[in-house]
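Close look at the chain arrangement
So the chains spell out like this:
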Amino acid sequence: MFLRKSSVIRDLILISAIAVLVAGCTSNDGSGEPTAPSSTSTPTSTTPSDQPSEEKMHDISFMSYSYVRFPEPESPGVQAIRDKFAANVQSQFILASDFNTKLSVVMASGDMPDVVHIQSADANYIKWAREGAFLPLDDYIQQYETFKLVPDAVWNQFRVDGKIYSIPMYSPTYMQSITIRQDWLDRLGLKVPTSYQELLEAAIAFTHNDPDGNGKNDTYGFAMAEKNTPEFSAGAYWSGGWYHKDQDGNYIPGTIGPGRREVVETLSKAYAEGAVTKDFAVLNWAQANQEFYSGKAGIFIGIPNGMEESYYMGLLEVHPDAVVTSIPYFVAPDGSQGSLLNQGYFGLTTLSSKLADDPEKVKKILTILDYGRTFFDPKDRTPDNEHFDWLMGGEGNGYDMTDGRAVVREGAESIAPVGYMFAREEWRPWAPSNEANQYSKMVYKDPRMQEFIGKIEAMEVNHNKTPYADPSRGIYSETWAQHGLELTNYLNGEITKMISGHRPVSEWDQMVQEWKDRGGADYIKEINEGIKAKQ
Amino acid sequence: MLYRSASDRLLDTVNIVLLVWIAGMMFFPFLYIFSVSFSSMRDYLEHDFLLWPKTWVTDAYQYILGNNRFVRSVFVSLFIAAAGTLLNLLFTTTMAYGLSRPFFGQRTMIFMVLFTFLFSPGIIPTYLIVKETGLIDSLWSLIIPVLISPWNMIVMRQFFRNIPEELTEAATMDGANPITVFTRVILPLSKPALATFGLFYAVAHWNSYFSGLLYINNPSNWPIQVLLRQIVIVNDNTALLEQQGFVEAPPAETIQMAAILLATVPILVVYPFLQKHFAKGVMLGSVKG
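As recorded by an unreviewed UniProt entry, chain B carries the name Carbohydrate ABC transporter permease and is attributed to Paenibacillus antri. Taken from UniProt, the Subcellular location (unreviewed entry) comment for chain B reads in full: "Cell membrane". The heading Sequence similarities (unreviewed entry) in the UniProt record of chain B holds the text "Belongs to the binding-protein-dependent transport system permease family."

Under an unreviewed UniProt entry, chain A has the name Extracellular solute-binding protein and belongs to Paenibacillus antri.

What follows is about the confidence of the model for chain A. Summary statistics for chain A give a mean pLDDT of 87 and a share of 90% for residues scoring 70 or more. Confidence over residues 1-52 of chain A falls short of pLDDT 50; this stretch has 44 contacts with residues more than four positions distant or in other chains.

Residue and element names in this part refer to chain B. Feature annotation in UniProt places "transmembrane region" (unreviewed entry) on residues 12-34, 74-97, 109-130, 142-160, 181-204 and 255-274, given in this structure's numbering. Annotated as 58% helix and 0% strand, the span residues 142-160 places its first and last C-alpha atoms 28 Å apart. Between the end C-alpha atoms of residues 181-204 there is a gap of 30 Å, over a span that is 96% helix and 0% strand.

This part is about the sheet that holds strand β3 (residues 115-118) of chain A. All names here are of chain A. What the five strands build is an open sheet, ordered β2-β1-β3-β9-β4; its pairing is mixed. Single-partner strands in this sheet number two, and they are β2 (87-95) and β4 (166-170). Along the sheet, successive strands turn relative to each other by an average axial angle of 25°, direction set aside. Each of β1 (58-66), β2, β3, β4 and β9 (345-351) touches helix α13 (residues 359-372); the most contacted strand, β1, lies at about 45° to it.

Looking now at the environment of A:Leu190. Residues and elements named next belong to chain A. Its location among the elements puts Leu-190 in the loop between α8 (182-188) and α9 (196-208). Relative accessible area serves as the criterion here: at 30%, Leu-190 is assigned to the partly exposed category. Sequence spacing of Leu-190 and Ala-205 is 15 residues, and the spatial spacing of their C-alpha atoms is 9.1 Å.

This next bit is on the sheet that holds strand β8 (residues 324-326) of chain A. All names here are of chain A. Here we have four strands laid out as an open sheet, ordered β6-β7-β5-β8, and mixed in their pairing. The sheet terminates laterally at β6 (220-222) and β8, the two strands that pair on one side only. When strand polarity is set aside, the average angle formed by the axes of neighbouring strands in this sheet is 30°. Sheet analysis places strand β5 (residues 177-181) next to β8, joined by three bridges and oriented antiparallel. Its bridge partner being in β8, Ile-180 is matched across the sheet by Thr-325. The strands touched by α9 within the sheet are β5, β6 and β7 (297-302), with β6 carrying the most contacts at an inclination of about 145°. Set on the sheet, helix α16 (residues 447-463) makes contact with β5, β7 and β8; between it and β8 the angle comes to about 15°.

Residue and element names in this part refer to chain A. In this structure, the amide linkage connecting Thr-229 to the following residue, Pro-230, adopts the cis form with an omega of -10°. Tracing the chain through its elements places Pro-230 in the loop between β6 and α10 (258-272). The phi dihedral of Phe-422 falls on the positive side, at around 70°, and the residue is not glycine. With respect to the helices, strands and loops of the structure, Phe-422 is situated in the loop between β11 (405-408) and α15 (439-442). Overall, Phe-422 belongs to the buried group, its relative accessible area being 0%. With phi around 45°, Gln-438 is a residue other than glycine that occupies positive phi space. Considering the arrangement of structural elements, one finds Gln-438 in the loop between β11 and α15. Judged by relative accessible area, which is 25%, Gln-438 ranks as partly exposed.

What follows deals with the domain arrangement of chain A. Residue and element names in this part refer to chain A. What the domain assignment lists for chain A is domain 1 (9-173 + 343-442) and domain 2 (177-340 + 446-534). Taking the mean C-alpha position of each, domain 1 and domain 2 sit 37 Å from one another. Counting residues at the interface gives 13 residues for domain 1, matched by 12 residues for domain 2. When domain 1 packs against domain 2, close to 1000 Å² is buried across both sides, 58% of that on carbon and sulfur atoms. Area buried by domain 1 at its contact with domain 2 is led by Gln-157, Tyr-439 and Ser-440, which between them contribute 43% of it. Counting every contact that joins domain 1 to domain 2 gives zero salt bridges. On inspection of domain 1 and its partner domain 2, the count reaches two residue pairs in polar contact (both at pLDDT 80 or more). Every element with two or more residues in the side of domain 1 that touches domain 2 is listed here: α5 (123-131) and α15. Sort the elements by how many residues they give to the side of domain 1 that touches domain 2 and α15 lands first, with three residues. In the side of domain 1 that touches domain 2, the residues fall into four nonpolar, six polar and three charged.

The rules behind these values
Residues numbered from 1 in each chain as written. Chains lettered and ligands numbered in written order. Predicted model: local features only at pLDDT ≥ 70, side-chain atom pairs only at ≥ 80, totals over all residues. Heavy atoms only, no water. UniProt positions renumbered as here; feature names shortened; annotations may be inferred. pLDDT = per-residue confidence, 0-100. Contact = heavy atoms within 4.5 Å. Helix = DSSP H or I, 4+ residues; strand = E, 2+ residues; numbered from the N terminus. Pairing = 2+ DSSP bridges. Axes fitted to C-alpha atoms, helices over the stretch in contact; angles between N-to-C directions. Buried < 20%, exposed > 50% of the residue type's maximum accessible area, 1.4 Å probe, protein only. Domains from an automatic or database assignment. Buried area = accessible area lost by both parts, 1.4 Å probe. Salt bridge = Lys/Arg side-chain N within 4 Å of Asp/Glu carboxyl O. Polar contact = N/O pair within 3.5 Å; in protein donor to acceptor, adjacent residues only side chain to side chain. Nonpolar A, V, L, I, M, F, W, Y, C, P; charged D, E, K, R; others polar.

If you want it as C-alpha cells, here you go:
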C-alpha cells in the first residue's frame, strides 16, 4: 500500500512550494511599499528646488500612545513638518492600553526611539531616568516659551534626583467638585449648602420632601457607585490628598484623615435616611451617572473639562425644568477654602539620552514640540491665524469652521501636522491658566450645557481661594507599589461598611490603625521621607 | 424503527430541544453581531436587542472595506496563518518523527525540548533575539519564533510512536529509505493529527496579537487582531477622554460589529473542512490480525 502514489503528499508538497513562493512575494511587498516610513522617501522630499536647503534634514523616530486617533506613519502632516522644519518624523502610535507593555520591552532592549511618550511618572520612568536612558532637559526649559509656562509644582512631580527628564503635556488642574439640583433646592426653599451639615440636610430633604413635586417618593440625595466614588470632597481638607499631618508632624493621606471621616459620617447618616444610592456598593460608574442624570438623585459631581454633554442633555429631555448648580468649596475648620490641585499634566515627552551628541537635533525636536503646543486664545483659533491653521492642517482640509469654532474633520489626524509634533494626539496646548481654556464655551455645544459648566468655572474662579498642591505627587513608594491595591481595597471595603451602617463610624481610629498595620505605616514613612528629600 | 416507544420519543424531544437550545446559545451572539453590523445607528439605539436588521445599511462595511488598512491586515493575517501553519507542520512533524525513533542522545534531546516547554524565556529575551536577528517589522517575526510548539511536538511524537512498527519495517524491507517511509507511510497515516495540529496552529496564528504588537512597528503590516483591538477598544475609552473643543467621531457600534464579523469569518470557514478529520478513526484496519 505504501507504494501507491499518494496524491495527498504531492498536494502537500505543492502547497508548501506555493506557500514559500507567496511568502517571498508578500514579504517583498511589505518592505518595499512606498507608504512604509522608510528613509528612502526622505531625500526626494527634502529640498524643493525653489527653497534654500541649508538646513540639514533630521530623521526623528517617535513612539507614542493614542486613545482614539492613530495617525498614519506617512501622511500630508508628516510632509508639512518636513517642509517646515527639515525634520522627517518616523512615528509609531500604539493603543494606550498596550503601550506600557511594548515600551518596557523596547526600553529593555536598549533601542529607545529619539522621542518617546511616557504615560505617567511611575516606577519605570524613575528607573529609566536613573539608568540614564533619558536626556536631562534642565538647560532647555528656559529657552522655549511653552516650557517656561509650566509651573514649578508640575515640574516637581516628575523630577528625578533633582533633574528634569521630560516635558509634560497639558492638563488642567481642576478636580471634581460637588453639584446639586438647584430646582429642587428652590422648590424646598433651601439654600446652596455651605457645610457638610447643610449638605446632609439637603440630601435628607431631597429624600423625604418630594423635591420634584410629582407626589411620589422617588428621589434621594447622593448618587454613588462602588469603591465609594465619587469622593464628594468639598475642598482639599476633605480630599484624598496628603493635606493633614499627624501628631508627629508627618503628612498622612487624606483617605485616613479627619476630613474624610467627616464625609463618611455625613454619607453614613444620609444612608440611614435612604438618601444615598441604596446598592451603591455594586453599581458601576455609568450606573451612578444614570442615577443622577435620570433625575432620581440630587447631589453629584462636576468638573469643567471632560464631562459628557449627552448625559446632561438626557436629564433635560426627561426633566426640562432641571437646573444643576455648582456647590462652592466649603470653608474648612482650619480656614482654608479650595480644592486639591490635580496633577496638571497628562503624559510626558522624553528624549533619548543618545541625542546628547547631537545638540542640533535636540534643538530641532524641542522647537517642533514647542511650536505644536503654543496656546491661542479661543477667539484666535481661526484660519486667519497662520500658526493655528498650519497646525490643524488648513481650513477645509484638516478642519472646518462651524459656528465660529474650528471643528476637526474626520480622518484629519493624518492631515494635521499637530499629531506629529511630539505632544499629544490632538492639539492640547499649554494654557497659561485653567480659565484661559474657556472649556464651557469651547468644549460644549448646547447653551444650557455651557451655562451649567460656566457655573462650575465661575465657582472655581471665585471660591478656589487656597488651592493645594499635594506634596506626595511624584514620590515613589515601594510599599505602595506592592501593596497599594490591597490597602486601597481594605479601606474601601471598611468605608463601604461604615456608610451602609455595618460598622459604626466611631470605629474610624481602629480602622486607621488596622490599615497602618497592614503596611500603611510604611507607606506613610516612605512618602514623608520622599517629601523631606525634595525640600 | 417505525415503531418507537413513548420514552424513546420523549428522549428524542428532550435531546432536540436541548441541542437546539445549546446551538442557539452559540448562534445568537453571531446573529446579533451580524444584525447590528447591518443596522442603522438609529435602529441600534432604539431597540435593546436586534435580531434582524430593520433596514439594511452597509455603511459599516463600506467604512471598513473602504479603509485599505483593514483589508491589508486581513491579508497579513491570512498569509501568516497559511504560511505559518504549513511551516509549523513541516517542522513539528519532522522533529516529532525524528524523536519518535530510537537514537543515541534521544533522551537528552527530549529533555531539552521539555525544558523550553517548562521554562520559557520571557518577553524581553525573545524580543532581543527577534531584534538582533533583524526580524523587527518583518512578518517572519510572527512565524519563526513560534515554529514549533513543544507541547504539540510531544503529542505528535506520541502519535507517531503509536503507529505500528510493522508498517515501517515492511516499508524498509521493500527498500524505502527513512524519508520515503516518513512521507509515504507515516504522514498519510497521520492526517487526523495533521488536521488537528494544523487547525491549532492556524487558530493560534489568526488570533495572535501580542507578537504583532511587539515586533511590527509599521501599521501596514499589522495582523488583523492588532487592528481589531484598536477598533473595538478605542470606543470604550472615549468616555474617559478629555475634550478640547473638537467633535470626536468615534467609529460607531456597527463598525465594531462589522469588524468583528469580518475578522471571525475566515477562521470559521476553515473549521468545517477540518472537522471531519477529528471524528475519523486513526489506525483502523492498517494492521491485520
